[in-house]
Amino acid sequence: MLAVLLLTMLVAACLTMPIGMAIGLGCIAAFPFMSNGASMSVMLSQSIVTAIDSFSMLSMPFFMMVGTLMARGGLANKLIKVADVITHKMPGGLGMAAVVSCCFFAAISGSGPATCATIGGIMIAAMTAQGYDETYAGCLVGGGSTIGPVIPPSIPMITYGVAMGVSITDMFMGGIIPGLMMGLILMAYNFYIAKKRGYKSKVDHDYTAKEVIHILWDAFPAILMPIIVLGGIYSGIFTATEASVIGVAYSVIVSGLIYKSLSFKDFCKAVFDAGVSAATIFMTFGVANMFARILSMNNVPDMISNAVLSITSSRLLIMLLLNILLIIIGMFVNTNSAIVLFGPIMVTIAGAVGVNPLAFGIIMVTNLCIGMVTPPVGSCFYISQKLSHSSFDKMMKELIPVVGLLYLIVILISCFPQIVTFLPELLR
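Worth saying up front: this structure is predicted, and the values here are computed from it rather than measured. (Residues numbered from 1 in each chain as written. Predicted model: local features only at pLDDT ≥ 70, side-chain atom pairs only at ≥ 80, totals over all residues. Heavy atoms only, no water.)

### A look at the pattern of salt bridges
(1) Moving on: Throughout the structure, instances matching the rule amount to 3 salt bridges.
(2) Moving on: Across the salt bridge formed by Arg197 and Glu398, the nearest N and O atoms sit 2.9 Å from each other. Of the two residues, Arg197 is situated in helix α10 (residues 168–197) and Glu398 in helix α19 (residues 392–415); the sequence distance between them amounts to 201 residues.
(3) Moving on: Classification of Glu398 by relative accessible area gives buried; the value is 13%. (Salt bridge = Lys/Arg side-chain N within 4 Å of Asp/Glu carboxyl O. Helix = DSSP H or I, 4+ residues; strand = E, 2+ residues; numbered from the N terminus. Buried < 20%, exposed > 50% of the residue type's maximum accessible area, 1.4 Å probe, protein only.)

Written as structure tokens, this is what we have:
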């Protein structure tokens, strides 16, 4: 039965079917080989609905809408100005501003591709005009965009929290320090490259106190957005789902009424885009839950866990193996699909060597999000390549050190999971 299921999935994937459809076809092909045939197929089919019938899952489309509304409302430009005020005097100041802007926008959108498209659409051209190599600019923004789903709010963290039964609030808090570490290491790399290649700030004049105050005041409603949403979640005033709805309402008020930059047409487009994206994730999540149940009924997670632990019980070696697998998976499977497909098995293995589900969740999400900028499937890679008008070969050469530094953060949080658990435990 398992052979039929996996073979069908593999064939469907090779035919370039969407991952959700490939999983679903594999499960359907396995139904005739099950011991209670019809009744079992009905129960498993119902598991698709029960998997997505979750109050927490409802936050996904709303958080997606928040990012789209803020981007269409022109808030990215205001956040970039704030970032430039902070970094313009530093060597490679515009590159620094690009990374800081990615961190700012990450706290709004929760999406890597959205961060890459929004920030990259502005910053890559600006960096190139200021003398930066266009390929380097694309790689820096592409690397920075992977911070999007690590700094909360985060769609992959919601997926993991629902699938593994981990508190979404704890997941959000656990992602803050790793996300900031990713931003800092990219800024340090940009500082080194700017010194080496002579990328200097070409600002004609320093910002006056009046200009700084004006820029900060203009961007204040945008900066206040993550403070309201995340502050409300962490203080216990509202849940993540309620926060997502509040975020949508706030985005509409700020973009439509305060900045007057959001039209009704833009609002309708944002609703449509969020609905389509959420429906895709929901469908994949549902059929992946059915797939996970079939594996669980056949004790596959326990068998794999026992097989791995029979080779070694070293925590470091196990985490090294899991991270290598996640690197490979991240290159070929999108983040949310990878979490629901491989999460149950990997959490079982990690738990057997003493890694709690929260810490492993952040490790898994961070690792898979870096996969967004690694080909052949990395969406952020292709977005940044298109925006920078660079060739595949040049992008790959410039991207290697960026990705290497980001994986260094994964190694650090794998060796020292206290980095992840510190804030959740502090604020409990």
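### Side note on the packing of aromatic side chains
(1) Moving on: Here the structure, examined in full by the defined rule, presents 6 aromatic pairs.
(2) Moving on: Judged by centre distance (6.2 Å) and plane angle (5 degrees), the rings of Trp217 and Phe220 are stacked. A residue pair is termed a helical-turn pair when its members lie 3 or 4 positions apart in one helix, as Trp217 and Phe220 do in helix α11 (residues 209–234) at 3 residues.
(3) Moving on: Look at Trp217 and you get exposed, because its relative accessible area is 66%.
(4) Moving on: Judged by centre distance (5.1 Å) and plane angle (85 degrees), the rings of Phe381 and Tyr382 are edge-to-face.
(5) Moving on: Overall, Tyr382 belongs to the partly exposed group, its relative accessible area being 34%. (Phe/Tyr/Trp six-rings, centres within 6.5 Å; stacked < 30°, edge-to-face > 60°.)

### Focus: the packing of helix α17 (residues 357–370) against helix α20 (residues 418–426)
(1) Moving on: Closest axis-to-axis distance for the α17/α20 pair is 9 Å, and the angle between their directions is 125 degrees. In terms of orientation, α17 lies oblique with respect to α20. In the crossing of α17 with α20, the sense of the turn from one axis to the other is right-handed. Contact with α17, carried on its side by Leu358, Ala359 and Ile362, involves Val420, Thr421 and Pro424 of α20 and no other residues of that element.
(2) Moving on: In terms of residue class, the contact of α17 with α20 is made up of 5 nonpolar, 1 polar and no charged. (Axes fitted to C-alpha atoms, helices over the stretch in contact; angles between N-to-C directions. Parallel < 35°, antiparallel > 145°, perpendicular 65-115°, else oblique. Left-handed = near helix turned anticlockwise from the far one by under 90°. Contact = heavy atoms within 4.5 Å. Nonpolar A, V, L, I, M, F, W, Y, C, P; charged D, E, K, R; others polar.)

### Section: helix α5 (residues 75–87)
(1) Moving on: Over its 13 residues, α5 runs 19 Å from end to end, which matches the ideal 18 Å to within 8%, given 1.5 Å per residue.
(2) Moving on: Along α5, 10 of the 13 residues are buried, which leaves the element largely enclosed by surrounding structure.
(3) Moving on: Along α5, the residues classified as buried are Leu75, Ala76, Lys78, Leu79, Ile80, Val82, Ala83, Asp84, Val85 and Thr87.
(4) Moving on: The inward-facing, buried residues of α5 abut α4 (59–72), α6 (93–109), α7 (112–129), α11 and α12 (240–258). (Expected span 1.5 Å × (residues − 1).)

### Description of the side chain of Ser337
(1) Moving on: Looking at the element boundaries, Ser337 is found in helix α16 (residues 335–352).
(2) Moving on: Contact partners of Ser337, with chain neighbours within four places excluded, come to Ile19 and Thr284.

### Comments concerning the layout of surface pockets
If a probe the size of a water molecule is rolled over the atoms, the empty space left behind becomes visible.
(1) Moving on: The space that makes up the second largest pocket amounts to roughly 360 Å³.
(2) Moving on: Lining the second largest pocket are 16 residues, with Cys103, Phe104, Ala107, Ile151 and Pro226 sitting closest to its centre.
(3) Moving on: At the level of secondary structure, the elements contributing two or more residues to the lining of the second largest pocket comprise α6, α10 and α11.
(4) Moving on: The leading source of residues in the lining of the second largest pocket is α11, at 6 residues.
(5) Moving on: A per-class count over the lining of the second largest pocket returns 16 nonpolar, no polar and no charged. (1 Å grid on protein atoms, 1.4 Å probe; cavity = no way out; pocket = protein on both sides within 12 Å on 5 of 7 lines; lining within 4 Å. Points joined across faces, edges and corners; volume = space filled by probe spheres on them.)

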